[in-house]
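# Working through the structure, step by step
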Amino acid sequence: MSGSLAGPDGALRCPWALSAEDYVAYHDEEWGRAVHGDDALYERLCLEAFQSGLSWITILRRRPGFRAAFADFEIAKVALFTEADEERLLADPGIIRNGAKIRATVANARVLAGWAPGELDELIWSFAPDHTSRPAPEKLSDVPAVTDESTALSKALKKRGIRFVGPTTAYALMQACGLVNDHLADCAARHAG
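Residues numbered from 1 in each chain as written. Predicted model: local features only at pLDDT ≥ 70, side-chain atom pairs only at ≥ 80, totals over all residues. Heavy atoms only, no water.

### Things to note about the overall build of the chain
The line we're drawing: Numbering of helices and strands starts at the N terminus; helices are DSSP runs of H or I of at least 4 residues and strands are runs of E of at least 2. The globule rule used here is 2.2 Å times the number of residues to the 0.38 power, and the radius of gyration it is set against is calculated over C-alpha atoms. The Shrake-Rupley method, run with a 1.4 Å probe, gives the accessible areas here. Residue values count only the displayed protein chains as cover. In summary, the charge assignment counts Lys and Arg as positive and Asp and Glu as negative, without counting His or the chain termini. Working definition for charges: the position is that of NZ of Lys, CZ of Arg, CG of Asp or CD of Glu.
Counting its regular elements, the chain contains 9 helices and 2 strands. Along its sequence from the N terminus, the chain presents helices and strands in the succession β-β-α-α-α-α-α-α-α-α-α. Whereas a compact globule of 193 residues would reach a radius of gyration of roughly 16 Å, the chain reaches 17 Å, a difference of no more than 12%. Viewed in the frame of its principal axes, the chain has a C-alpha envelope of about 55 × 35 × 25 Å. Accessible surface, the chain: about 9,300 Å² in total, of which carbon and sulfur atoms supply 54%. One way to put it: in the chain the 21 positive side-chain charges average out to a point 5 Å from where the 27 negative ones average out.

Right under this line is the structure:
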């Protein structure tokens, strides 16, 4: 029995990708594809933190608003945000107006601004497991929410001063940025790009 489902175009996809129209392109073109670069990884880290306790579709639909509000997630620019900027963000209907998450996003940029270029990329990717270490998931229930690697990544980021990145958030980041490939075994996107 197939764990994937056929989409409108007949291609097999992970079932979650067909639960909302916005998910198809994200699933096919982004999720599970390798993401490199400090600013790009900072964006994904922030969006995964904002997603905590919410549906990913909520974040995905507001991503343009997040990018506008947080200077396209350029670490150097967000690191300069002031309390006035944080107040502006708390009033911005284009994002999730959670004070703790907004403050963590700004604080994390300040921490990362002190790192060497490429250091965030290097740190995150150092936790990518061997891709042969576990079989391709056959069904959604085979996909973990937390792994030893995501727990270690979470601890390493927290030790370096990064906030709002627990093991579950770290694993979601690993999935989204291609450190792990959790597309189901028969999903068309599993071996794409």
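So much for the structure itself; the text now carries on.
### Things to note about the packing of aromatic side chains
Keep this limit in mind: The pairing test for Phe, Tyr and Trp rings, Trp by its six-membered ring, is centres within 6.5 Å, and the orientation test on the planes gives stacked under 30 degrees, edge-to-face over 60, and tilted for anything in between. The classification of residues rests on relative accessible area computed with a 1.4 Å probe and restricted to protein chains. Under 20% of the type maximum is buried, over 50% is exposed, and intermediate values are partly exposed.
For the structure on display, the rule yields 10 aromatic pairs. A centroid spacing of 5.4 Å and a plane angle of 85 degrees characterise the contact between W16 and Y23, whose relative ring orientation is edge-to-face. On the basis of relative accessibility, which here comes to 9%, the residue Y23 falls in the buried class. Between F50 and F66, the aromatic rings sit 4.8 Å apart at their centres with planes inclined by 55 degrees, giving tilted as the arrangement.

### Focus: the UniProt feature "binding site: Zn(2+)" (unreviewed entry) in the chain
Put simply, the rule is: UniProt positions are given in the numbering used here, feature names are shortened, and annotations may be inferred rather than shown by experiment. Contacts are assigned to residue pairs with any non-hydrogen atoms lying within 4.5 Å of each other.
The UniProt record marks C14, H27, H183 and C187 with the feature "binding site: Zn(2+)" (unreviewed entry), using the residue numbering of this structure. Annotated residues spanning 174 residues; largest pairwise C-alpha distance 10.3 Å, indicating a single compact cluster. For C14, the position within the fold is in the loop between β2 (12-13) and α1 (21-29). Of the residues examined, C14 reaches a relative accessible area of 0% and is grouped as buried. With sequence-adjacent residues up to four places away left out, C14 is seen in contact with S4, H27, D182, H183, L184 and C187. Assignment of secondary structure puts C187 in the segment after α9 (167-176). Those residues within four positions of C187 in sequence are excluded, and the remaining contacts are S4, L12, R13, C14 and H27.

### Overview of the pattern of salt bridges
Which entries qualify depends on this criterion: Salt bridges are identified by distance alone: a Lys or Arg side-chain nitrogen within 4 Å of an Asp or Glu carboxyl oxygen.
With the rule as written, the count across this model stands at 11 salt bridges. Among the ionic pairs, R63 bridges to E30, the shortest N-O distance being 2.7 Å. Residue R63 is located in helix α3 (residues 56-69), and its partner E30 is located in the loop between α1 and α2 (38-51); the two are separated by 33 residues in the primary sequence. Judged by its relative accessible area of 10%, R63 is buried. Close ionic contact of R160 with E119 constitutes a salt bridge, the shortest N to O distance being 2.3 Å. One end of the pair, R160, is in the loop between α8 (148-159) and α9; the other, E119, is in helix α7 (residues 119-125), and 41 residues separate them in sequence.

### Here we look at unusual backbone geometry
What is expected of a backbone is that most residues other than glycine have negative phi and most peptide bonds are trans. Phi at D72 takes a positive value of approximately 55 degrees, unusual for a residue other than glycine. Its place among the elements puts D72 in the loop between α3 and α4 (75-78). Phi is positive for F73, which is not a glycine, with a value near 60 degrees.

### Comments concerning the packing of α8 against α9
As a reminder of what qualifies: Throughout, an axis means a line fitted to C-alpha atoms (over the contacting stretch in the case of helices), and angles, computed between N-to-C directions, take values from 0 to 180 degrees. Oblique is the label for any angle not covered by the other classes, which are roughly parallel (under 35 degrees), roughly antiparallel (over 145) and roughly perpendicular (65 to 115).
Packing of α8 against α9 leaves a shortest axis separation of 8 Å and a crossing angle of 110 degrees. The angle between α8 and α9 falls in the class roughly perpendicular. Listed contacts from α9 to E149, S150, T151, L153 and S154 of α8 are P167, A170, Y171, L173 and M174.

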